[in-house]
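# Structure at a glance
Listed here are the chains, written in short residue letters.
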Amino acid sequence: MKYQSTKTVAPRIPHQLFTEGASTRPQERTDRKAIRVLAVESDSQDADLLILGLRRHGYTAEQVRTGAEALQQYRKADLLLVDLDLPDLDGVELCRSIRAVCDVAIIVVTARDTELDRVLSLRAGADDYVVKPCSLTELTARIEAVMRRVRLQPFVPKDVIAVGSLHIDHRAREIQLDGRYIDVTRKEFDLLYLLASRPGAVFSRRQIMTQVWSDPRAKPGRTIDTHVSSLRSKLGSSRWITTVRGVGFRFGPS
């Protein structure tokens, strides 16, 4: 069944992302101030309208225009509004990369209205999918619904990942193996932490380049292999990181 967004009484203005709906009660504004929204939107006009509307409805809202910026800022937000059409990275890939390491709430807000885009986005980790143009009233209702679900199952960041004798302290950015500290570079730490955050899950080379190097357009070449080889050498074994031929890497034995 084809998705149809809910119609509102307020008329839509051509090229306008959002229309106003019902007014917001003072208590709702107070509650919403605690929700930090990051809009990932490359269109300046759409971004300005979105941020202005969210702030008028009481949210703390900021915006970035690229996937790379989103990867640097997403940990500061409670919820992401992601457009699929970004200049450097497809929004589906961005959702997948963030969901691999974090349970932050994600709503896709896009002009794409196909079943395939909806399915891919939801499978990549999006909590909801909204087709624009849509009313701000509908969007805020969806934000509230998603945040209710998220708050029922709060995400607990993994400051320390412990697997056997290996301990990875994300806050201190330290690695210990059998009680001794392992000296690694910044990128080596980020790579190992990413893989260890989901033991057994396979990370593609593009995911790794996006998440660790914040550059989804770069060709991996030998960069990832060199860092993996170095980590294996420093950890004294290849069993910590397994190569999945033709795909990428996973943490743990094959």
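Residues numbered from 1 in each chain as written. Predicted model: local features only at pLDDT ≥ 70, side-chain atom pairs only at ≥ 80, totals over all residues. Heavy atoms only, no water.

## Quick notes on the sheet that holds strand S6 (residues 128-131)
On the basis of which strands lie adjacent, the open sheet formed by five strands has the order S3-S2-S4-S5-S6 and parallel pairing. Each edge of the sheet is formed by a strand with only one pairing partner; in this case those strands are strand S3 (60-64) and S6. Within the sheet, the average angular offset between the axes of one strand and its neighbour, ignoring direction, is 20°. Where strand S5 (residues 105-110) meets S6, four bridges bridge the pair, whose relative direction is parallel. Bridge pairing links Thr-110 to Val-131 in S6. Packed on one face of the sheet, helix H2 (residues 44-56) meets strand S2 (36-40), S3 and strand S4 (79-82) and runs near 170° to S3. (Pairing = 2+ DSSP bridges. Helix = DSSP H or I, 4+ residues; strand = E, 2+ residues; numbered from the N terminus. Axes fitted to C-alpha atoms, helices over the stretch in contact; angles between N-to-C directions. Contact = heavy atoms within 4.5 Å.)

## Focus: the sheet that holds strand S11 (residues 180-181)
Sheet strands line up and pair through hydrogen bonds in the backbone, either parallel or antiparallel. Here we have four strands laid out as an open sheet, ordered S8-S9-S10-S11, and antiparallel in their pairing. Of all strands in the sheet, those bounded by a partner on one side alone are strand S8 (160-163) and S11. Alignment of S8 against strand S9 (residues 166-169), held across four bridges, turns out to be antiparallel. Residue pairing in the sheet places Ala-162 in a bridge with His-167 of S9. The strands that helix H7 (residues 186-196) touches are S8, S9 and strand S10 (174-177); relative to S9, the one it contacts most, it runs at about 110°.

## A few points about the pairing of S5
Among the six residues of S5, six are classified as buried, and the element is accordingly described as predominantly covered. Of the two faces of S5, the one lined by Ala-105, Ile-107 and Val-109 and the one lined by Ile-106, Val-108 and Thr-110 are each fully buried. Relative to S5, S4 runs parallel, the two being bridged by four bridges. Residue pairing in the sheet places Leu-80 in a bridge with Ile-106 of S5. After leaving S4, the chain enters helix H4 (residues 91-99) and then returns to the sheet as S5, a path that is right-handed. For the crossover that starts at S5, traverses helix H5 (residues 115-123) and ends in the parallel S6, the hand is right-handed. (Buried < 20%, exposed > 50% of the residue type's maximum accessible area, 1.4 Å probe, protein only. Right-handed = clockwise from strand over helix to strand, strands pointing away.)

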